[in-house]
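What follows is the residue order along each chain.
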Amino acid sequence: MTEPTLAETWMARALKLAERGRYTTDPNPRVGCVLVKGERVVGEGWHERAGEPHAEVHALRAAGEAARGATAYVTLEPCSHQGRTGPCALALVEAGVARVMVAMQDPNPQVAGRGIALLRDAGIEVEVGVLEDEALALNPGFVMRMSHGRPFVRLKMAMSLDGRTAMRSGESQWITGPQARREVQRLRARSSVVLTGVESIIFDNARLTVRAEQLALPDGETIAARQPLRVVVDSRLRLPLAAACLREPGRTLVATLAEHDAERRERLEEAGAEVVLMPAGEDGRVDLDALLHHLAEAEQANEVLLETGATLAGAMLEANLIDEMQLFVAPTLLGGEARPLFALPGLSLMAQQKGLEILDIRAVGQDWRITARPRRRT
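The structure presented is a predicted model; accordingly, all values stated were derived computationally and were not measured.

1. Describing the side chain of Asn-302
Link 1 in the chain: Along the chain, Asn-302 falls in the loop between helix H12 (288-299) and strand E12 (303-306).
Link 2 in the chain: Residue class for Asn-302 comes out buried when judged on its relative accessible area of 4%.
Link 3 in the chain: What Asn-302 contacts, discounting residues up to four positions off in sequence, is Asp-26, Pro-27, Asn-28, Gly-141, Phe-142, Arg-145, Pro-151, Phe-152 and Ser-192.

2. Side note on the nonpolar core
Link 1 in the chain: Of all hydrophobic cores here, the largest spans 43 residues; its most connected members are Met-11, Leu-35, Tyr-73 and Val-100.
Link 2 in the chain: With near-sequence residues (within four places) excluded, Val-100 lies in contact with Ala-72, Val-74, Leu-92, Leu-119, Ile-124, Glu-125, Val-126 and Glu-127.
Link 3 in the chain: One finds Met-157, Leu-229, Ala-301 and Leu-317 within the second-largest nonpolar core, a separate group that totals 35 residues.

3. Concerning the environment of Arg-120
Link 1 in the chain: Its location among the elements puts Arg-120 in helix H4 (residues 114-121).
Link 2 in the chain: Along the backbone, Arg-120 and Val-93 are 27 residues apart, and their C-alpha atoms lie at a distance of 9.6 Å.
Link 3 in the chain: Here the side chain of Arg-120 touches Val-126 through a polar contact of 3.2 Å, landing on its backbone oxygen.

4. Section: H4
Link 1 in the chain: Turning to H4, its buried residues number three or more, namely Gly-115, Ile-116 and Leu-119. Around the axis of H4, the buried residues are gathered within 100 degrees of arc, so they sit on the same side.
Link 2 in the chain: On the buried face of H4, the contacting elements are helix H3 (88-95), strand E4 (99-102) and strand E5 (125-128).
Link 3 in the chain: Among the residues trailing H4, Gly-123 stands out with phi positive, at a value near 90 degrees.

5. Concerning a nonpolar patch on the surface
Link 1 in the chain: A contiguous nonpolar surface patch, about 390 Å² in accessible area, is contributed by Leu-356, Ile-358, Ile-361 and Trp-368.
Link 2 in the chain: Considering every element that reaches the nonpolar patch, the biggest residue donor is strand E15 (residues 356-364), with three residues.

6. Details of the pattern of salt bridges
Link 1 in the chain: Applying the stated rule across the entire model yields 21 salt bridges.
Link 2 in the chain: In this structure, the salt-bridge partner of Arg-190 is Glu-303, at a minimum N-O distance of 2.8 Å. Taken together, the positions of Arg-190 in helix H7 (residues 178-190) and Glu-303 in strand E12 put the pair 113 residues apart, joining distant regions of the chain. Across the pair, Glu-303 and Arg-190 agree in class, each one buried.
Link 3 in the chain: Residue Glu-318 pairs with Lys-354 through a salt bridge whose shortest N-O separation is 3.3 Å. Here Glu-318, found in helix H13 (residues 310-318), pairs with Lys-354, found in the loop between strand E14 (339-340) and E15; they are 36 residues apart in sequence, far enough to count as distant.

7. Here we look at a negative patch on the surface
Link 1 in the chain: A cluster of like negative charges, contributed by Asp-261, Glu-263, Glu-266, Glu-269 and Glu-270, occupies part of the molecular surface.
Link 2 in the chain: Residue placement: Asp-261 occurs in the loop between strand E10 (252-257) and helix H11 (262-270).
Link 3 in the chain: Taking relative accessible area as the criterion, Asp-261 reaches 45% and is therefore assigned partly exposed.

8. Quick word on the sheet that holds strand E16 (residues 367-374)
What links the strands of a sheet is backbone hydrogen bonding, and the strands pair in either a parallel or an antiparallel sense.
Link 1 in the chain: The nine strands are arranged E11-E10-E9-E8-E12-E6-E13-E16-E15 in an open sheet whose pairing can be described as mixed. Whereas interior strands pair on both sides, the edge strands pair on one side only; in this sheet they are strand E11 (273-278) and E15. Neighbour-to-neighbour, the strand axes of the sheet open up by a mean angle of 25 degrees, direction not taken into account.
Link 2 in the chain: As paired strands, strand E8 (residues 193-197) and E12 are joined by three bridges and run parallel to one another. The residue bridging Val-193 from the neighbouring strand is Val-304, located in E12.
Link 3 in the chain: Against the sheet, H7 makes contact with strand E6 (152-160), E8, E12, strand E13 (324-330), E15 and E16, and its axis sits at roughly 160 degrees relative to E13, the strand it touches most.

Conventions we followed
Residues numbered from 1 in each chain as written. Predicted model: local features only at pLDDT ≥ 70, side-chain atom pairs only at ≥ 80, totals over all residues. Heavy atoms only, no water. Helix = DSSP H or I, 4+ residues; strand = E, 2+ residues; numbered from the N terminus. Buried < 20%, exposed > 50% of the residue type's maximum accessible area, 1.4 Å probe, protein only. Contact = heavy atoms within 4.5 Å. Core = buried A, V, L, I, M, F, W, Y, C linked by side-chain atoms within 4.5 Å. Polar contact = N/O pair within 3.5 Å; in protein donor to acceptor, adjacent residues only side chain to side chain. Arc of directions from axis to C-beta. Patch = residues over 30% accessible without salt bridge, like charges linked within 9 Å, V, L, I, M, F, W, Y side chains within 5 Å. Areas by Shrake-Rupley, 256 points an atom, 1.4 Å probe, with all protein chains shown as cover. Salt bridge = Lys/Arg side-chain N within 4 Å of Asp/Glu carboxyl O. Lys, Arg positive; Asp, Glu negative; His and termini not counted. Charge placed at Lys NZ, Arg CZ, Asp CG, Glu CD. Pairing = 2+ DSSP bridges. Axes fitted to C-alpha atoms, helices over the stretch in contact; angles between N-to-C directions.

Written out as structure tokens, the structure is:
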């Protein structure tokens, strides 16, 4: 293993700062910035929440006049356009920064190299690609939305050691322990959307909310104040009007088909839902790819946490719409009659199996968490 270069060391510090915005910057990317002069940090900052100053601005304010002649280490290309805040590339130029090290180019078409060009046109030396892989991993949803027009989908499921998620009756609380449930709360908190199928609401009456007391984070109350959008896939409008998710803080969107009567839609909206009409896929149900693109465009959704049962999970997997899996495995057995992890009809040959690439396995309390991604068929 090679020793990190000086540039990598400072960029690693900027990435660590950017991680502080994990739960608060949505729909913006998580960005960190470190200003270095000689061997001394003269200013640093991170993007704390959408609508507020970007990382570069915080770092420049901390540095003051010391920013002149300094090197800026930024985890994402400085923006060049006027949004809710001013262009950061111009701020670096005006501050007299001598050099800018960028981890990755911004995939946002409004930026996409323009910030780098602005800096170079001003005579500032720019280097791109320092710890690029780490920077990409920090913002998978933002990169996916800007590059492919849909959010990054992370599936979370809790299962027994024999691969079951619930008893045949639908009873599922609780398979895993409190530490695993805490991790699930944190997955929700970092997400733009929590996506589920209507059967999960019917059987579990799931609230799908972020609960401050379960996050076990110092700023849990602040984090929980931003509830992710709850989205229920409900092709036949079966969502109970008394569903708990309709009474929780935040919004609940119900994705259904246009063929359903307006009276039922109106009753759901009166109960607190927002109903969106989606096209039908080949199976006659809500087109899941179209739904994800809608969430990216209309809701600026970066990361979707898929918390659902076997039917929707299987459909998303079949459609190649799952980018990552967080599988929590409990040391217990539920038996052959309990519900499986995925509904994957039609698999009869080993050649049809769905391969996974294991990225990480670690203990979470008495449970195990497996992080994996589906192997894409070529």
